[in-house]
Each structure stands twice: as C-alpha cells, then as structure tokens.
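Residue-level listing of the chains:
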Amino acid sequence: VVTITGTNDTPAITGKLSGEVKEAGGGHNNEAGAPIATGALSSQDADNENTWQPGSNVSTTYGKYTLSSTGSWTYTLNDTNTDVQALNSGQTLSDAFSAVTIDGTRQIITILIKGTNDTPIITGKISEEVVEAGGANNTQPGTPSVSGTLTSLDLDNDNSWRPATNTSTTYGSYALSSTGSWSY
C-alpha cells in the first residue's frame, strides 16, 4: 500500500495588480478627482477553484476596498483623509491591500494616490476705501492710506503669502507681508 499525501499548490495569480486614484481638488474639493480604481484577478490553482476570500468595505490606510469571490476588486479613496488632502499637484502616496485566494495565498494590490492642488480659502479684510484730499488746494486731508490682514487656509501648502513691497497700481501702491498684512 502506498500512501500519497497531498500538499497545497501555490496558485498562479494574474490580472490587474495595481491601480491609480486622484484626490479631489479646487476650493472645498469642488473639482472631482478620480477616487475609484477597479480590477480583476484570476487564480490558477491545481488543487483549488478560482475563488477568492471576499471582503466588503475593508479599511486601508487611505481608503477602503471590496473584493468579490470571483476576484473583482474596487478601491475607493478616502478624500477626507488629512494626508490625502495635504498632497499637492505632483505629489503621491501609496496604499495597498491583500487579496487572498480560497487557499490563503495572498496577493498585494498597490494603489498609487495622486495629489492635486487644493485652492486656498481666503478670508479677512479684502476691501477698504480711501478718500482723496479735497477742498481748495487739497486743504481737507482725506484718508489716503488703509491696511488690513488676510488669512489663508490651504490644505496642501503653507498659509503664507508672497510678499510685495511698494508695488505700483493705477492709483497708488501697496505692500503685502508674508503673514498677510497689507497696506495701500
């Protein structure tokens, strides 16, 4: 009598092993990104069928994934994640999840997350009024200068301003500090 003891054969996994998503941008994320990546996997296994251990809305570092028993997968980016929102145009993050065959063989699916520019939200004193000197020979002084402060909330850049000193305009000149203080 000969006894043959079987061993698990590792499956050959093929299909889409990576995906790419893009965060939303603009002011208040009003410019849609591409937050979803999809793919399909196949498992050629001599001692098991082409079946995967399904998972639904399984959390990853920067999103969630769903895997069907047939190998179809969907990755959805969490566009409210602070690390994702901190990405600027040209910057990337990487996320990953494990797709697991019915016999426990793991296949890593990698997701490239591309950043985009988020428009800053500007608040503060954005307008003011000056009054020219008047009367005979400009004897009434007027109010020839004004000042204020602007604030910027920018999720993917620092909140500083590009300074300007004595920059001419049509009717006067202005200055702006890196902290948002301005004068005209």
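About the thresholds
Residues numbered from 1 in each chain as written. Predicted model: local features only at pLDDT ≥ 70, side-chain atom pairs only at ≥ 80, totals over all residues. Heavy atoms only, no water. Helix = DSSP H or I, 4+ residues; strand = E, 2+ residues; numbered from the N terminus. Buried < 20%, exposed > 50% of the residue type's maximum accessible area, 1.4 Å probe, protein only. Contact = heavy atoms within 4.5 Å. Salt bridge = Lys/Arg side-chain N within 4 Å of Asp/Glu carboxyl O. Pairing = 2+ DSSP bridges. Axes fitted to C-alpha atoms, helices over the stretch in contact; angles between N-to-C directions.

**Digging into the side chain of Ser-152**
Note on placement: Ser-152 falls in strand β10 (residues 147-153). Its relative accessible area of 14% is what places Ser-152 among the buried residues. Not counting residues within four places of it along the chain, the set of residues in contact with Ser-152 comprises Pro-120, Ile-121, Asn-159 and Trp-161.

**Concerning the pattern of salt bridges**
Under the defined criterion, the tally for this structure stands at 2 salt bridges. Note that Lys-114 and Glu-20 form a salt bridge whose closest N and O atoms lie 3.3 Å from each other. Of this pair, Lys-114 sits in strand β8 (residues 106-114) while Glu-20 is found in strand β2 (residues 18-22), placing the two residues 94 residues apart along the sequence. Here Lys-125 and Glu-128 are joined by a salt bridge, their closest N and O atoms 2.9 Å apart.

**Thoughts on the sheet that holds strand β6 (residues 72-77)**
The strand order across the open sheet built from 5 strands is β1-β3-β6-β5-β4, with neighbouring strands paired in antiparallel fashion. Looking along the sheet, the strands with just one partner apiece sit at the ends: β1 (12-15) and β4 (55-59). Put simply, the sheet's adjacent strands are angled 25° from each other on average, direction ignored. Across 4 bridges, the pairing between β1 and strand β3 (residues 36-44) is antiparallel. In the sheet register, Gly-15 faces β3, and the bridge partner there is Leu-41.

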